[in-house]
Amino acid sequence: MSTYSYRERQFAKVLNNMPRLKNFLKRGYAFLNYSLYGLKIPRVISDYNIHRVGDCLYDKQEAFETFWGYYDKYPMNKFGLVLLNTTLYTTQKPPLSSRTIHVLLFDIEHSRVLLDIETRTYNWQQGCRTHWLNDEFFILNDFDDIAQRYIARVYSAIQLKEIKRFNYPVQDSFGLDYFLSINYRRINTLRPDYGYRNLSKMNDIELRQLNNDGIWKIDYSEGTSLLLYSLEQIANFETENVDLNAFHKVNHLMINKTGDKFIFIHRYLKKNVRFDRLLLADVRGNLLKVLADNEMVSHCCWLNENTIFAYLRGIDNIDSYYSIDIQTGKMTLFDNSLFRKYGDGHPSSNGRFILSDSYPDKALHQHLLLYDMKSGEAKELGSFFHGLSYNEETRCDLHPRLSPDAKRVFFDSVCNGKRQLYYIDL
């Protein structure tokens with residue numbers, strides 16, 4: 001299958017300063033290429049067994065579409081219980097705060113729903129940030145209508161009920177010690193793909209107030225909150241001053257395995273042109289260093305306690321995957337031909353393997369890739385048709401997640417015409 005060439009990607013980069021024109025041309029060009037390359041290709045190409053999660057739900061017509069969310073969390077605990085989102089209305093249209101999605105606790109071995117939770121706080125890219133805190137407790141975001149604020153709710157998979165709630169929504173967590181929170185109202189204003197719609201969008205005056213917004217740390221036991229880093233502090237870090245004409249936000253917080261550090265993306269917009277920085281911080285309130293600051297940072301993950309793996313604009317302005325040593329700041333190009341062929345994706349790692357995906361190629365297929373860091377071998381696990389019905393905010397990235405034992409890969413796909421959660425047995 002034909003991938004986009006270097007020249008095509010460079011032209012798309014030029015159009016970044018004209019987002020509306022880019023989206024228009026991108027859709028038309030995708031349709032043209034699909035007509036040339038994709039009409040005779042199967043919707044799914046893989047040598048592995050692929051399973052759809054919750055087939056019984058579809059048989060009973062209880063779920064219209066299913067999905068998990070982002071690539072940084074794994075949906076199954078060690079007891080075989082899976083968390084997934086379901087919706088009775090199409091995900092080809094943007095979310096509506098007046099409509100709910102259902103978060104299901106699903107016993108995959110016995111094909112039964114153990115818990116059904118409704119929430120009106122979600123998006124199609126990350127769901128409601130549902131994830132396991134440990135093998136019993138899981139957390140998700142919701143909206144408090146009385147207090148008019150986003151909240152986090154914790155449930156027990158043993159007691160099958162809510163056991164705790166917080167006055168801040170979760171972005172990432174470290175077990176039952178603490179979690180980090182961001183302003184989803186700001187996110188919805190500047191990047192609706194990852195925001196929530198229960199509150200009105202912020203106006204320009206509110207967006208420029210940076211001293212009381214940023215990253216909060218919430219103590220799990222006490223429920224106390226601390227503004228760990230303000231946007232003002234972040235915007236001023238290793239820069240001369242805050243650009244008041246720019247709109248700042250932070251997103252994609254990822255805590256390391258020991259819980260003492262995390263990375264995040266600082267993004268600011270000038271006249272609708274986006275600039276990205278990748279920052280490293282600790283949970284005591286000390287910004288440590290800027291890991292990348294060359295306009296574009298896309299997706300990241302931790303390889304180990306000292307190394308970040310990320311797709312960004314790095315050495316010689318080349319957009320590619322890089323590994324970054326957080327101690328020295330040294331950036332190394334990840335020179336693997338298979339990953340380089342497909343470009344940007346959503347990487348994750350269990351310490352031995354790197355799993356990632358791609359955006360649709362000219363045949364509108366997304367590719368699922370696995371790299372063995374020990375042997376240096378890379379292989380393609382499969383490719384999946386995306387189509388044009390889901391696009392921009394309603395797109396369906398594969399967002400693959402590798403199980404801790406590396407025996408199973410969960411991913412979202414619209415290869416059969418609807419957004420659905422699948423897994424591959426490796």
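Report follows, based on the coordinates. (Residues numbered from 1 in each chain as written. Predicted model: local features only at pLDDT ≥ 70, side-chain atom pairs only at ≥ 80, totals over all residues. Heavy atoms only, no water.)

A look at empty space enclosed by the protein
Line of reasoning, step 1. A full pass over the atoms with the stated rule returns 4 cavities of 30 Å³ or more.
Line of reasoning, step 2. Lining the largest cavity are Tyr70, Tyr71, His252, Met254, Ile263, Phe264, Ile265, Leu278, Ser298, His299 and Cys300.
Line of reasoning, step 3. Of all elements in the fold, only strand E15 (247–255), strand E16 (261–270) and strand E19 (297–304) reach the threshold of two or more residues within the lining of the largest cavity.
Line of reasoning, step 4. Across the lining of the largest cavity, the residue classes tally to 8 nonpolar, 3 polar and no charged. (1 Å grid on protein atoms, 1.4 Å probe; cavity = no way out; pocket = protein on both sides within 12 Å on 5 of 7 lines; lining within 4 Å. Points joined across faces, edges and corners; volume = space filled by probe spheres on them. Helix = DSSP H or I, 4+ residues; strand = E, 2+ residues; numbered from the N terminus. Nonpolar A, V, L, I, M, F, W, Y, C, P; charged D, E, K, R; others polar.)

Points about the sheet that holds strand E4 (residues 81–87)
Line of reasoning, step 1. Strand order in the open sheet made by the 4 strands is E3-E4-E5-E6, with antiparallel pairing throughout. Of all the strands in the sheet, just strand E3 (65–67) and strand E6 (112–119) have a single pairing partner and so form its edges. Ignoring which end each strand starts from, the neighbouring axes of this sheet average 30° apart.
Line of reasoning, step 2. Pairing between strand E5 (residues 101–107) and E6: 7 bridges, direction antiparallel. Bridge pairing in E6 places Asp107 opposite Arg112. (Pairing = 2+ DSSP bridges. Axes fitted to C-alpha atoms, helices over the stretch in contact; angles between N-to-C directions.)

Details of the layout of surface pockets
Empty pockets left among the atoms are what a rolling probe the size of a water molecule brings to light.
Line of reasoning, step 1. Its volume calculated, the second largest pocket comes out at about 1100 Å³.
Line of reasoning, step 2. Counting residues per element, the lining of the second largest pocket draws most heavily on E19, at 4 residues.
Line of reasoning, step 3. Here the lining of the second largest pocket is composed, by residue class, of 13 nonpolar, 11 polar and 12 charged.

Description of the packing of aromatic side chains
Line of reasoning, step 1. Across all of its chains, the model carries 28 aromatic pairs by this definition.
Line of reasoning, step 2. Plain terms: the ring middles of Tyr70 and Tyr71 are 4.8 Å apart, the flat faces sit at 55° to each other, and that makes the pair tilted.
Line of reasoning, step 3. For Tyr71, a relative accessible area of 3% gives the class buried.
Line of reasoning, step 4. With centroids separated by 5.1 Å and ring planes inclined at 80°, the aromatic side chains of Tyr311 and Tyr321 adopt a geometry described as edge-to-face. Highlighted residues: Tyr311 in strand E20 (residues 307–313) and Tyr321 in strand E21 (residues 319–325), separated in sequence by 10 residues.
Line of reasoning, step 5. Take Tyr311: its relative accessible area is 9%, and that puts it in the buried class.
Line of reasoning, step 6. Here the basic side chain of Lys164 rests over the ring of Tyr220, its NZ or CZ set 4.6 Å away from the ring centre.
Line of reasoning, step 7. Residue placement shows Lys270 over the ring face of Phe275; its charged tip is 5.6 Å from the ring centre. (Phe/Tyr/Trp six-rings, centres within 6.5 Å; stacked < 30°, edge-to-face > 60°. Buried < 20%, exposed > 50% of the residue type's maximum accessible area, 1.4 Å probe, protein only. Lys NZ or Arg CZ within 6 Å of the ring centre and 35° of its normal.)

A few points about unusual backbone geometry
Line of reasoning, step 1. One non-glycine residue, His252, lies in the positive phi region at around 60°.
Line of reasoning, step 2. Along the chain, His252 falls in strand E15.
Line of reasoning, step 3. The phi dihedral of Glu295 is positive, around 80°, even though this residue is not glycine.
Line of reasoning, step 4. Mapped onto the secondary structure, Glu295 falls in strand E18 (residues 287–295).

Here's the deal with the pattern of salt bridges
Line of reasoning, step 1. Inspection of the entire model under this criterion finds 23 salt bridges.
Line of reasoning, step 2. Each of Asp142, Arg153, Glu162 and Arg165 takes part in salt bridges that share partners, so that together they form one network. (Salt bridge = Lys/Arg side-chain N within 4 Å of Asp/Glu carboxyl O.)

Brief notes about the nonpolar core
Line of reasoning, step 1. Counting 45 residues, the largest nonpolar core has Ile215, Phe262, Ile263, Phe264, Leu278 and Ile308 as its most contacted members.
Line of reasoning, step 2. Leaving out residues up to four positions away in the same chain, Ile308 has contacts with Ile263, Leu278, Leu291, Cys300, Cys301, Trp302, Tyr322, Ser323, Ile324 and Ile326.
Line of reasoning, step 3. Counting residues in each nonpolar core, the second largest holds 30 residues, with Met76, Leu104, Trp124 and Ala157 among its members. (Core = buried A, V, L, I, M, F, W, Y, C linked by side-chain atoms within 4.5 Å. Contact = heavy atoms within 4.5 Å.)

Things to note about the side chain of Ser348
Line of reasoning, step 1. You can see Ser348 is positioned in strand E23 (residues 348–349).
Line of reasoning, step 2. In contact with Ser348, other than residues within four places in its own chain, are Tyr71, Cys301, Phe353, Ile354, Leu355, Pro400 and Leu402.

Let's talk about the side chain of Thr119
Line of reasoning, step 1. On the secondary structure map, Thr119 appears in strand E6.
Line of reasoning, step 2. At 3.1 Å, the side chain of Thr119 and the side chain of Asp142 are in polar contact.
Line of reasoning, step 3. The residues touching Thr119, leaving out its near neighbours within four places in the chain, are Arg99, Thr100, Ile101, Val103, Cys128, Asn141 and Asp142. (Polar contact = N/O pair within 3.5 Å; in protein donor to acceptor, adjacent residues only side chain to side chain.)

Focus on the environment of Asn336
Line of reasoning, step 1. Secondary-structure assignment places Asn336 in the loop between strand E22 (331–333) and helix H7 (337–342).
Line of reasoning, step 2. Separated by 15 residues in sequence, Asn336 and Tyr321 have C-alpha atoms that sit 9.0 Å apart.
Line of reasoning, step 3. If we ignore the near neighbours within four places in the chain, the residues touching Asn336 are Tyr371, Gly376 and Ala378.
Line of reasoning, step 4. A polar contact is formed between the side chain of Asn336 and the backbone nitrogen of Leu338, at a distance of 3.1 Å.

Quick notes on the pairing of E5
Line of reasoning, step 1. In terms of burial, E5 is largely enclosed, as 7 of its 7 residues are buried.
Line of reasoning, step 2. Residues Ile101, Val103, Leu105 and Asp107 point to one face of E5 and His102, Leu104 and Phe106 to the other, with burial holding for every one of them.
Line of reasoning, step 3. Sheet topology note: the E4/E5 ladder contains 6 bridges and is antiparallel. By the bridge assignment, Thr86 is partnered in E5 with His102.
Line of reasoning, step 4. From the end of E5 to the start of E6, which pair antiparallel, there are 4 residues, and Ser111 there has a positive phi angle of about 50°.

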